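Summary of the model geometry
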Amino acid sequence: MFDFKNYNKIEQIISDSGKKTKIVAISKNHPIEDVQEAISNGVEVFGENRVQEAKLKFDNILKNNKRIKLHLTGPLQTNKVKVALDLFSVFHTLDREKLIKELIKFPEKITNKFFFIQVNTGNEETKSGIKPEETKEFLEMCRSKGIKNILGLMCIPPINEDPKIHFQLISKLTNDLGLGAPSIGMSSDYLDALNFNPRYIRLGTVLFGRRA
């Protein structure tokens with residue numbers, strides 16, 4: 001079930017703060033009925049982590065409602081790139097050269113897509129992402145190969161560390177690289193993230209409840 005009271009409350013917090021941050025409603029592992037309920041309450045931006053699940057849920061929705069935008073917030077396998085480009089407007093997880101090489105095989109599709117580079121701020125072996133010190137080089141490589149629409153950086157802080165340390169690192173990298181506002185903040189830490197002026201916060205549990 002979609003919690004539109006929480007959604008409205010968080011929208012109000014953002015409005016009161018004077019930020020231009022947008023909420024990405026993370027509908028991963030939640031049924032299409034919850035998505036439709038969210039849409040009926042005015043939600044237009046959704047996030048999914050898996051291409052196949054997103055296609056099953058959103059194929060018809062996207063065809064019938066041009067206002068709805070779908071963001072990919074999980075890792076993208078290279079063999080799913082073509083399907084993903086037909087579904088998603090924004091990709092939050094550019095994380096390796098192999099993925100870039102696959103994306104640029106579809107120049108006509110990527111021209112109107114937008115991207116974030118995922119930075120592994122905690123240097124966690126189990127997480128995707130570019131090492132902070134390699135971000136500049138990766139950004140330059142993306143641009144040189146034809147990925148032009150890079151909005152900014154994205155990170156997922158380690159669960160056992162203060163997220164503010166990681167948001168601070170992303171904020172510094174953003175300034176150093178001259179990029180736009182980042183994609184940071186989830187249900188557990190979006191209030192901290194808002195202090196760093198994100199473009200997007202990615203909210204699942206606080207809006208849809210615990211995942212099935």
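Before reading further, recall that the structure is shown in the block above.
Everything numeric in this text was worked out from a predicted model, so none of it was measured.

**Some words on the overall build of the protein**
A count of helices and strands for the protein gives 10 helices and 7 strands. Since a compact globule built from 212 residues should have a radius of gyration of about 17 Å, the 16 Å found for the protein is in line with a globular shape. For the protein, the proportion of its 212 residues judged to be buried stands at 50%. Once local pairs closer than 6 in sequence are excluded, the contacts in the protein between residues at least 24 apart make up 59%. Carbon and sulfur atoms make up 49% of the accessible area of the protein, which totals about 10700 Å². Across the protein, 33 positive and 26 negative side-chain charges occur, with their mean positions spaced 5 Å apart.

**Some points on the pattern of salt bridges**
Summed over the entire model, instances satisfying the criterion amount to 14 salt bridges. Between lysine 55 and aspartate 59 there is a salt bridge, with the nearest N and O atoms lying 3.0 Å from each other. A residue pair is termed a helical-turn pair when its members lie 3 or 4 positions apart in one helix, as lysine 55 and aspartate 59 do in helix H3 (residues 51-64) at 4 residues. For lysine 55, a relative accessible area of 32% gives the class partly exposed.

**Regarding unusual backbone geometry**
One non-glycine residue, asparagine 29, lies in positive phi territory at about 65°. By the secondary structure assignment, asparagine 29 is in the loop between strand S1 (22-26) and helix H2 (32-40). Exposure remark for asparagine 29: the relative accessible area of 27% places this residue in the partly exposed category.

**Overview of the sheet that holds S1**
Taking strand neighbours across the sheet as the criterion, the 7 strands line up as S6-S5-S4-S3-S2-S1-S7 in an open arrangement whose pairing is parallel. Looking along the sheet, the strands with just one partner apiece sit at the ends: strand S6 (150-154) and strand S7 (200-203). Within the sheet, the average angular offset between the axes of one strand and its neighbour, ignoring direction, is 25°. In the sheet, strand S4 (residues 90-94) pairs with strand S5 (residues 114-118) via 3 bridges, with the strands oriented parallel. The residue of S5 that forms the bridge with valine 90 is phenylalanine 114. Of the strands in this sheet, strand S2 (45-48) and strand S3 (69-72) touch H3, which is tilted by about 155° from S2.

**Concerning the packing of H2 against H3**
Contact geometry of H2 with H3 gives a least axis separation of 10 Å together with a crossing angle of 35°. Handedness of the H2/H3 crossing: right-handed. The segment H2 lies against H3, with Ile32, Val35 and Ile39 engaging Lys57, Phe58 and Ile61.

**A few points about the packing of aromatic side chains**
Scanning the entire structure with this criterion turns up 7 aromatic pairs. For the pair phenylalanine 2 and tyrosine 7, a centre-to-centre distance of 5.8 Å together with 55° between the ring planes defines the contact as tilted. Judged by its relative accessible area of 3%, phenylalanine 2 is buried. According to the relative accessible area criterion, tyrosine 7 is buried, its value standing at 9%. Members of the aromatic cluster, joined through ring pairs, are Phe2, Tyr7 and Phe208.

The rules behind these values
Residues numbered from 1 in each chain as written. Predicted model: local features only at pLDDT ≥ 70, side-chain atom pairs only at ≥ 80, totals over all residues. Heavy atoms only, no water. Helix = DSSP H or I, 4+ residues; strand = E, 2+ residues; numbered from the N terminus. Rg over C-alpha atoms; globule rule 2.2 N^0.38 Å. Buried < 20%, exposed > 50% of the residue type's maximum accessible area, 1.4 Å probe, protein only. Contact = heavy atoms within 4.5 Å. Areas by Shrake-Rupley, 256 points an atom, 1.4 Å probe, with all protein chains shown as cover. Lys, Arg positive; Asp, Glu negative; His and termini not counted. Charge placed at Lys NZ, Arg CZ, Asp CG, Glu CD. Salt bridge = Lys/Arg side-chain N within 4 Å of Asp/Glu carboxyl O. Pairing = 2+ DSSP bridges. Axes fitted to C-alpha atoms, helices over the stretch in contact; angles between N-to-C directions. Left-handed = near helix turned anticlockwise from the far one by under 90°. Phe/Tyr/Trp six-rings, centres within 6.5 Å; stacked < 30°, edge-to-face > 60°.

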